[in-house]
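# A structural walkthrough
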Amino acid sequence: MSTQSIAWPKSGVARRTLVENLHEWVTTVDHKRLGILYILYALLFLAFGGVEATIIRIQLIRPHNDFVSPQVFNRMFTMHGTTMIFFVAMPLVFGFANYLVPLMIGARDMAFPRLNAFSFWMTAFGGTLLYFSFLGGDGLYGAGNAPDVGWFAYAPLTSKTFSRGHSTDYWILSVLVSGFGSVGTAINIIATILGMRCRGMTLGKMPLLAWLNLTMAGLVVLAISPLTAAQLMLLVDRYLGGHFFDTQSGGSAVIWMHFFWIFGHPEVYILVIPAFAFASEIIPVFSRKAIFGYPIMVAATVCIGFISMSVWAHHMFTVGMSSAANTFFVLSTMAIAVPTGIKIFNWLATMWGGEIHFKTPMLFCVAFLFQFLIAGLTGVMLGSAPFDWQLGNSYFVIAHFHYVIVGGILFTFFGAFYYWFPKMSGRMYNEAFGKLHFWLFVIGFHLTFDFMHIPGILGMPRRIYTYEPGRGWDIWNLIVTVGVFFQAAGVLVFIGNLLWSYFRGKYAGSDPWDAWTLEWSTSSPPPSYNFATIPEVRSRRPLWDLKHPEDPDWQYE
Amino acid sequence: MHPSLSPTNIFAPVSTPAHSIVDLSHLVLMVTAAVFVVVFSLLAYAVVKFRDRRKNDGREPAQVYGSIQVELAWTVIPTLIVIVLFLATARVIASIQNAVRPNNALEVTVIGHQFWWEYRYPSFNVVTANELHIPVSNPAHPTPTFLTLLSADTDHSFWVPRLAGKTDLIPNHSNSMWMDPYETGPYLGQCAQYCGTQHAKMLLRVYVDSQEDFDRWIQAQSRPAHVAANASEGQRIFERTACVNCHAIAGTSAKGTFGPDLTHLMSRQTIAAGAARNTIGSLIAWIYNPAVIKPGSKMPAMGLSTAQAAAVAEYLVTLR
Amino acid sequence: MSAPSITIPQSDVQWSLPARGPMAMYCMIAAEAAIFTIFVVAYIFYIGKSLAGPQPQDVLRVPVFFTICLLSSSLTIHFAVKLLRRGKVVSFGLWWLLTIALGAVFLAGTAREWHHLIYDEGLTIQTNLFGTTYYSLVGLHAFHVTVGLLALGTVSIFTLSGNVRQEHAERAEVLSMYWHFVDVVWIAVFIVVYVVGR
């Protein structure tokens, strides 16, 4: 198989103007373009969320600091959480799914291209609406009308009584709107994977990335609706005088928590399962071995999907549920550790006996393995309810979930960026700068999030704009803040690398990594129709079969 | 961990619930540490042993697709670990949540407000705010304190790490927790559920007193306010401006319940739920403009002049 | 450059995958079912918890006739689709219009019921927990009926302008799945609100 790049001869066709180019991007229904739009959108909002985090950390660098007022601080942590979950992590998940799924299953596009575009623009509008809130109210001073109720917006703080301005409304509407986009994309993913695989690609022969995105999409379909429902109820309370969460009229604050977390817990699995997908594609290629235990990996993923819908109240151990209820949720929470651990062991077994090439994508995935292990173990600690009665709602929890989301999810996303950047752009990124990004970010990540566990153990709750000296929290907060700057530096190197490489990188060819799934069989970047002829496959690694005709996979599967 | 590391260290328990949690945490930490060491070592070993040696001979390593025995092993062992942790946890949940309240338990009702704590001792008819006093408990003959947790507005959470795990205060939803501290002393904590602008300064101070000290304290609290022979200028201002709409001073015309009860204000070491020390200077500053000390507090600046604020503070200082 | 046929074509192997349209509609139904589940859970949770105001047993009248109309419309739409599969466009159009009429009658019934509850019984969404949960749940359902009627109406317009043919039967079937779902939701709402909750 040739991997030379194609040099198009100069033709007589005039170059398109900037306006025509932009028009094409804005009206595109091509899954690859929409995927890139999602990813670029996410990177922009990653910058916003990062600035918000930096403001938080500067305010907390020492006790009784006055870098920002309490009102601004409360808007910062609310916006940081809402931005990162709904307008960074979700778009990244959908962006990569959009780009990769049709290519990896040998299809020409997603099942419903126009729905795809609609979904993207709904998400984009949601984020814009959220940030427009800064301009409301008193304008930027005091951070306008930006949401300040926490990203999970507990009732009755969000009622008209306690949230008189429009900050809650911006939170509700921006997330509601983007939720429709999310469900649309999920429906698209499911219909595409079930209905558009190329000939020979049975469900048991499709790449693990497809299986994991299918599971993720199933969770989206089931889990986003509870949030939508709860938000509609909150709107009824705020604008039609309803009493869903109005405790003065017999309403319940706890029922909001139930509805929110019935969404909220599956949501974090929606974010982490695609991260598992990237690890499952990258680790084999850079270990030069097939993934170990494919059927078990599929089964474990589906198990995780199911169990994740039954653990939600571990976010509510302190609200006064009965001991029976608390005990049940301890069991389901700890149970989910079993299939998750199985996956870690299978990745380890994939590397075992292999030949590991430590290119940038693999560096990020190896760090992911170490970090996700730790994150999972602190999760088990939190899952033990009495321990959670001390550690819950403290900086220990913040450290835990950032360990998962940054140390687990963001690390694999970085790995995925580097791995598929050659495919998307046709150019190789600069490997030295890739490694620099990795090391800067790893140092910063560990400075911030390792030490962040300690204030939690020493009694520091979350969502406080300042803290008292003399509680033993000062030095740890200082170290945590220092780590932020290393992470920021890493991200700047990353963006710089991608930008520079896009214009000046070496041509990558169709298969720079000597990989085995279908996206590497087409050019980099792929033509708009993906494949000249729809491929036909006989095993899970069609390109391995082509490259090793004497020892094809289908003899062993 | 030594308490001197921090006055709010969860690993320095002085009460049974906090202690049970520390005991459970030892098991959980040992198990998770063991898992960590095993898996971390395997990962580290793999990363070192199987790194690419640049043989460049174009051959791929042996492709291994799976192994049922290995999968079984690393399914069964974690499942057993989960079962053990679950059973240990279930026992502690029951021992804390289903503890029977003995007849000699002290009962306190805690009502969370934005951004202060109200304490009522129903059997003594005492209402106070922000600084909780409870008697020490002898492990041989325990005299625990049972708290009933309510809220007047949004969600709050009562967290004094050395005494117990946190329990939330949720409007229209009564919760309950208990503690039986066996060492006297002041214990610190703060609200642990985001409740609005000044969540950060809704601090907790719990004084565990000897039985005699507690009896003396509760007796003093149940008496009406110390009344001067002639109503001072400050008292007149207090009773004629809107102060009485929010604050109560037993034995006077002030019967407001929106803000903290001030009958024995000077028995407390801090004001504004721990946001400032209880000195005449802080009182004047607070009365003049609460937003300087605690911006977002529900107490508005009452539009008093500095002289008037000083006079009111002089009056309040008499409320021992 | 793209992959040539990678292995020996196994042209004897049957390769049929589920159709995309029905798959997407199943997913959408699942998502909608999840929304309705949450509203139903809220309704059930708040049964008997209203502090004041009209209670369900005092003011609700069981809408038997309108329920029969709505459930019959599932039957009529089923016939319509079957007829379109057989190429009988005119009969399809008539049964389709009958479905819309039955749905519209149901909506009118809901409107009448609400008018009675608001003006005669003084029950609004603000009155108490019953009012809030009742109007939200029944209203959410009525909203879905309305959207369904708009979609069905659009198809009727296309039928009248001669643009619907036998080959569109599968699309009509997908739309009918949505309509069946709306009816099933009504069965659940009916049981929870008019049977259990009273």
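Residues numbered from 1 in each chain as written. Chains lettered and ligands numbered in written order. Predicted model: local features only at pLDDT ≥ 70, side-chain atom pairs only at ≥ 80, totals over all residues.

## A word on the overall build of chain C
- What chain C contains, in helices and strands, is 6 helices and 0 strands.
- Overall, chain C shows an N-to-C arrangement of helices and strands of α-α-α-α-α-α.
- At 22 Å, chain C has a C-alpha radius of gyration far larger than the 16 Å of a compact globule built from 198 residues.
- Its C-alpha atoms put chain C at 75 × 40 × 30 Å along the principal axes.
- Intrachain contacts of chain C at a sequence separation of at least 6 include 84% that bridge at least 24 residues. (Helix = DSSP H or I, 4+ residues; strand = E, 2+ residues; numbered from the N terminus. Rg over C-alpha atoms; globule rule 2.2 N^0.38 Å. Contact = placed C-beta atoms within 7 Å.)

## Details of the interface of chain C and chain A
- Facing the 35 residues of chain C at the interface are 47 residues of chain A.
- Sorting elements by how many residues they give to the side of chain C that touches chain A places helix α1 (residues 20–45) of chain C first, with 13 residues.
- Classifying every residue of the side of chain C that touches chain A by side-chain character gives 24 nonpolar, 9 polar and 2 charged. (Nonpolar A, V, L, I, M, F, W, Y, C, P; charged D, E, K, R; others polar.)

## Focus on the sheet that holds strand β2 (residues 116–121) of chain B
Residues and elements named next belong to chain B.
- Read across the open sheet, the 5 strands follow the order β3-β2-β1-β5-β8; overall the sheet is mixed. This sheet does not close on itself; its edge strands, each paired only once, are β3 (126–129) and β8 (175–179). Along the sheet, successive strands turn relative to each other by an average axial angle of 25 degrees, direction set aside.
- Two elements, strand β1 (residues 106–113) and β2, share 5 bridges in a ladder whose sense is antiparallel. (Pairing = 2+ DSSP bridges. Axes fitted to C-alpha atoms, helices over the stretch in contact; angles between N-to-C directions.)

## Things to note about the interface of chain B and chain A
- Tallying the contact residues gives 76 residues for chain B and 76 residues for chain A.
- Mapped onto the side of chain B that touches chain A, the elements with two or more residues apiece are α1 (16–49), α2 (68–97), β7 (167–169) and β9 (185–190) of chain B.
- By residue number, the principal contributor to the side of chain B that touches chain A is α2(B), which donates 16 residues.
- Of the residues assigned to the side of chain B that touches chain A, the class counts are 40 nonpolar, 28 polar and 8 charged.

## Overview of the packing of helix α5 (residues 167–195) of chain A against α1(C)
- Where α5(A) contacts α1(C), the two axes come as close as 9 Å, and the packing angle between them is 140 degrees. Relative to α1(C), the element α5(A) is oriented oblique. The handedness of the crossing between α5(A) and α1(C) is right-handed. Seen from α5(A), the contacting residues are V183(A), I187(A), I190(A), A191(A), L194(A) and G195(A); seen from α1(C), they are R20(C), M23(C), A24(C), C27(C), M28(C) and A31(C).
- For the contact of α5(A) with α1(C), the per-class residue count stands at 10 nonpolar, 1 polar and 1 charged. (Parallel < 35°, antiparallel > 145°, perpendicular 65-115°, else oblique. Left-handed = near helix turned anticlockwise from the far one by under 90°.)

## Examining helix α13 (residues 395–425) of chain A
- Maximum bend of α13(A): about 40 degrees, positioned at Y419(A), with proline P422(A) one to four residues after it.
- For α13(A), the tally of buried residues reaches 28 of 31 residues, placing the bulk of the element in the interior. (Bend = angle between axes of the 7 residues up to and from the residue. Buried ≥ 20, exposed ≤ 12 C-beta atoms within 10 Å, placed from the backbone.)

## Observations concerning helix α9 (residues 323–335) of chain A
- Here α9(A) contains 13 residues, and its C-alpha end-to-end distance of 18 Å stays within 8% of the 18 Å for a straight helix at 1.5 Å per residue.
- When we look at burial in α9(A), the residues that qualify are N326(A), F329(A), V330(A), T333(A), M334(A) and A335(A).
- Looking at the buried positions of α9(A), the neighbouring elements they touch are α8 (294–308), α10 (337–351), α11 (360–383) and α12 (385–391) of chain A together with α2 of chain B. (Expected span 1.5 Å × (residues − 1).)

## Focus on the sheet that holds strand β10 (residues 203–209) of chain B
Residues and elements named next belong to chain B.
- Pairing is mixed in the open sheet, where 3 strands are placed in the order β4-β10-β9. Strand pairing shows two members of the sheet lacking a second neighbour, β4 (131–135) and β9, which therefore form its edges. For this sheet, the mean inter-axis angle between neighbouring strands, taken without regard to orientation, is 25 degrees.
- Of the pairings in the sheet, the one linking β9 to β10 comprises 6 bridges and is antiparallel in character. The residue of β10 that forms the bridge with Q190 is L203.

## Focus: the pairing of β1(B)
All names here are of chain B.
- Burial analysis of β1 places 6 of its 8 residues in the buried class, the great majority of the element.
- Two strands pair when backbone bridges link them, and β1 and strand β5 (residues 145–151) are joined in this way by 7 bridges, in the parallel orientation. By the bridge assignment for β5, E107 is matched with F146.
- From the end of β1 to the start of β2, which pair antiparallel, there are 2 residues.

## Concerning the arrangement of the chains
- Where the 2 pairs of chains in contact are concerned, the greatest contact count is recorded for chains A and B.
- As for chain C relative to chain B, no contact occurs, and the smallest C-alpha gap between them is 12 Å.

## What to know about the nonpolar core
- Of all hydrophobic cores here, the largest spans 325 residues; its most connected members are A89(A), V93(A), I105(A), I190(A) and V220(A).
- Looking at this core element by element, the count peaks at 23 residues for helix α7 (residues 253–287) of chain A.
- Split by domain, the residues of this core number at least three in each of domain 1 (106–222) and domain 2 (233–316) of chain B.
- Setting aside residues up to four positions removed in sequence, A89(A) forms contacts with M84(A), L271(A), I405(A) and I409(A). (Core = buried A, V, L, I, M, F, W, Y, C linked by C-beta atoms within 7 Å. Domains from an automatic or database assignment.)

## Things to note about the domain arrangement of chain B
Residue and element names in this part refer to chain B.
- We note that the domain assignment places domain 1 (106–222) and domain 2 (233–316) within chain B.
- Centre-to-centre, using C-alpha coordinates, domain 1 lies 22 Å away from domain 2.
- Tallying the contact residues gives 18 residues for domain 1 and 15 residues for domain 2.
- Elements represented by at least two residues in the side of domain 1 that touches domain 2 include exactly β2, β3, β10 and α3 (211–222).
- Residue composition of the side of domain 1 that touches domain 2, by class: 8 nonpolar, 6 polar and 4 charged.

## Structural notes on the packing of α13(A) against helix α14 (residues 431–451) of chain A
Residue and element names in this part refer to chain A.
- Packing of α13 against α14 leaves a shortest axis separation of 11 Å and a crossing angle of 175 degrees. Classified by the interaxial angle, the pair formed by α13 and α14 is roughly antiparallel. Between α13 and α14, the residues in contact are A399, H402, Y403, V406, G407 and Y418 and G434, F445 and F449, respectively.
- Considered class by class, the residues forming the contact of α13 with α14 number 6 nonpolar, 3 polar and no charged.

## Re the environment of V192(C)
Residue and element names in this part refer to chain C.
- Its location among the elements puts V192 in helix α6 (residues 169–196).
- When the C-alpha atoms of V192 and S50 are compared, they prove to be 16 Å apart, with 142 residues separating the residues in sequence.
- The contacts of V192, once residues within four sequence positions are left out, are V40, Y43, I44 and G197.

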